[in-house]
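Structural features, examined
In case you want the letters, here they are:
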Amino acid sequence: MSVEVRVKIVVVGSGTLVGDALVRVAGRRGHEVCALSPGTGADPWAGQDLRPHLRGAHAVIDVAVAPVPDEDAALRFHRACTTALLEAGTAAGVAHHVVLSLTGGGPAPQGGLFRAKAEQEALVRDSPLPHTLVHATRLFDFLAALASVATPANAALLARAAIQPHAAHELAEILTDIATTPATNTTVRLDAPHHWGLDHFLTQHLTAHR
């Protein structure tokens with residue numbers, strides 16, 4: 001039985017569903033966790049010097065999401081954050097830079113936030129840092145939140161789309177596994193094991209929370 005080596009992991013995007021789960025999972029597994037977000041006072045978007053935070057880090061896991069829906073603002077956010085992280089990571093000798101993109105099923109859509117995430121990934125691929133880009137399907141937690149949007153006047157408007165959602169804590173476990181193993185310098189696709197109909201999933205959720 002192999003023993004997981006304990007390392008320092010920097011989580012970018014604590015305060016998000018996946019980010020908070022990552023902090024809990026990596027900490028429970030004995031790793032030293034450094035969380036970067038506006039809430040912790042270390043914000044890559046604000047142009048702060050990130051080198052002190054990344055010093056001694058084995059891995060950076062970036063799960064940050066642009067806080068604004070506007071495409072140009074999202075592009076500026078991810079460009080600034082990623083550039084700052086890559087520069088600090090290179091200076092600190094980070095061994096593995098991991099980026100998560102929640103792309104849904106099938107090929108990644110174009111435009112909007114996905115355009116910003118595509119540029120983020122291009123910056124990482126062109127950098128000297130060892131990296132792994134992770135594409136995953138949506139979260140159970142995120143899809144459940146759709147129920148409140150899809151139920152005007154107590155009537156649910158649900159599509160019959162097929163989905164393969166992840167649970168945030170399960171995704172956090174996988175990302176921690178990836179971050180603590182050697183970088184592949186490739187894109188890894190994570191599909192959840194179970195298929196659901198979106199209408200069936202949300203009907204079950206609404207029934208359970210009446």
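See the structure above.
Here we summarise the structure given alongside this text. (Residues numbered from 1 in each chain as written. Predicted model: local features only at pLDDT ≥ 70, side-chain atom pairs only at ≥ 80, totals over all residues. Heavy atoms only, no water.)

**Considering the pairing of strand β4 (residues 96-102)**
- In terms of residue burial, β4 counts as a mostly covered element, since 6 of its 7 residues are buried.
- The pairing of strand β3 (residues 59-62) with β4 spans 4 bridges and is parallel. Its bridge partner being in β4, isoleucine 61 is matched across the sheet by valine 98.
- In this fold, the crossover linking β3 to β4 by way of helix α3 (residues 71-92) has right-handed handedness.
- With 6 bridges connecting them, β4 and strand β5 (residues 131-136) associate as parallel partners. (Buried < 20%, exposed > 50% of the residue type's maximum accessible area, 1.4 Å probe, protein only. Helix = DSSP H or I, 4+ residues; strand = E, 2+ residues; numbered from the N terminus. Pairing = 2+ DSSP bridges. Right-handed = clockwise from strand over helix to strand, strands pointing away.)

**Here we look at the sheet that holds strand β1 (residues 8-12)**
- The 6 strands are arranged β2-β1-β3-β4-β5-β7 in an open sheet whose pairing can be described as parallel. Of all strands in the sheet, those with a lone pairing partner are β2 (32-36) and β7 (187-190), marking the two edges. On average, each strand axis in the sheet is inclined to that of its neighbour by 20 degrees, with strand direction left out of account.
- Where helix α6 (residues 168-179) meets the sheet, its contacts fall on β1, β3, β4, β5 and β7, and the angle it forms with β4 comes to roughly 150 degrees. (Axes fitted to C-alpha atoms, helices over the stretch in contact; angles between N-to-C directions. Contact = heavy atoms within 4.5 Å.)

**Things to note about the packing of α3 against helix α4 (residues 113-125)**
- It is the contact of α3 with α4, at a shortest axis distance of 8 Å, that shows an interaxial angle of 20 degrees. One element, α3, and the other, α4, form an angle in the roughly parallel class. As α3 runs across α4, the sense of the crossing is right-handed. Residues Glu71, Asp72, Ala74, Leu75, His78, Arg79, Thr82, Thr83 and Leu86 of α3 lie in contact with α4, whose contacting residues are Leu113, Arg115, Ala116, Lys117, Glu119, Gln120, Leu123 and Val124.
- Grouping the constituent residues of the contact of α3 with α4 by class yields 7 nonpolar, 4 polar and 6 charged. (Parallel < 35°, antiparallel > 145°, perpendicular 65-115°, else oblique. Left-handed = near helix turned anticlockwise from the far one by under 90°. Nonpolar A, V, L, I, M, F, W, Y, C, P; charged D, E, K, R; others polar.)

**So, the pattern of salt bridges**
- Tallying each qualifying case throughout the model produces 8 salt bridges.
- Ionic pairing is found between aspartate 72 and arginine 115, a salt bridge with its closest N-O pair at 3.8 Å. Taken together, the residues span a long stretch of sequence, with aspartate 72 in helix α3 and arginine 115 in helix α4 at a distance of 43 residues.
- By relative accessible area, aspartate 72 is classed as partly exposed at 43%.
- Between arginine 79 and glutamate 119 there is a salt bridge whose closest N-O contact spans 2.6 Å. In this pair, arginine 79 is assigned in helix α3 and glutamate 119 in helix α4, connecting sequence segments 40 residues apart. (Salt bridge = Lys/Arg side-chain N within 4 Å of Asp/Glu carboxyl O.)

**Comments concerning the side chain of threonine 82**
- By the element assignment, threonine 82 lies in helix α3.
- Apart from residues no more than four positions distant in its own chain, threonine 82 is found in contact with Asp62, Gln120, Leu123 and Val124.

**Section: α4**
- For α4, built from 13 residues, the straight-helix expectation of 18 Å at 1.5 Å per residue is met to within 8% by its first-to-last C-alpha distance of 19 Å.
- Buried within α4 are the following residues: Ala116, Lys117, Gln120, Glu121 and Val124. Projected down its long axis, α4 carries its buried residues within an arc of 140 degrees, all on one side.
- Packing partners of the buried residues in α4 comprise β3, α3, β4 and β5. (Expected span 1.5 Å × (residues − 1). Arc of directions from axis to C-beta.)

**Quick word on unusual backbone geometry**
- Positive phi is not limited to glycine here, since asparagine 185 has a value of about 55 degrees.
- In this fold, asparagine 185 is placed in the loop between α6 and β7.

**A closer look at the environment of lysine 8**
- Relative to the helices and strands, lysine 8 resides in strand β1.
- The spatial distance from the C-alpha of lysine 8 to the C-alpha of valine 94 is 9.9 Å, given a sequence separation of 86 residues.
- Not counting residues within four places of it along the chain, the set of residues in contact with lysine 8 comprises Glu32, Cys34, Pro52, His53, Leu54, Arg55, Gly56, Ala57, His58 and Ala59.
- Side-chain polar atoms of lysine 8 contact the backbone oxygen of histidine 53, separated by 2.8 Å. (Polar contact = N/O pair within 3.5 Å; in protein donor to acceptor, adjacent residues only side chain to side chain.)

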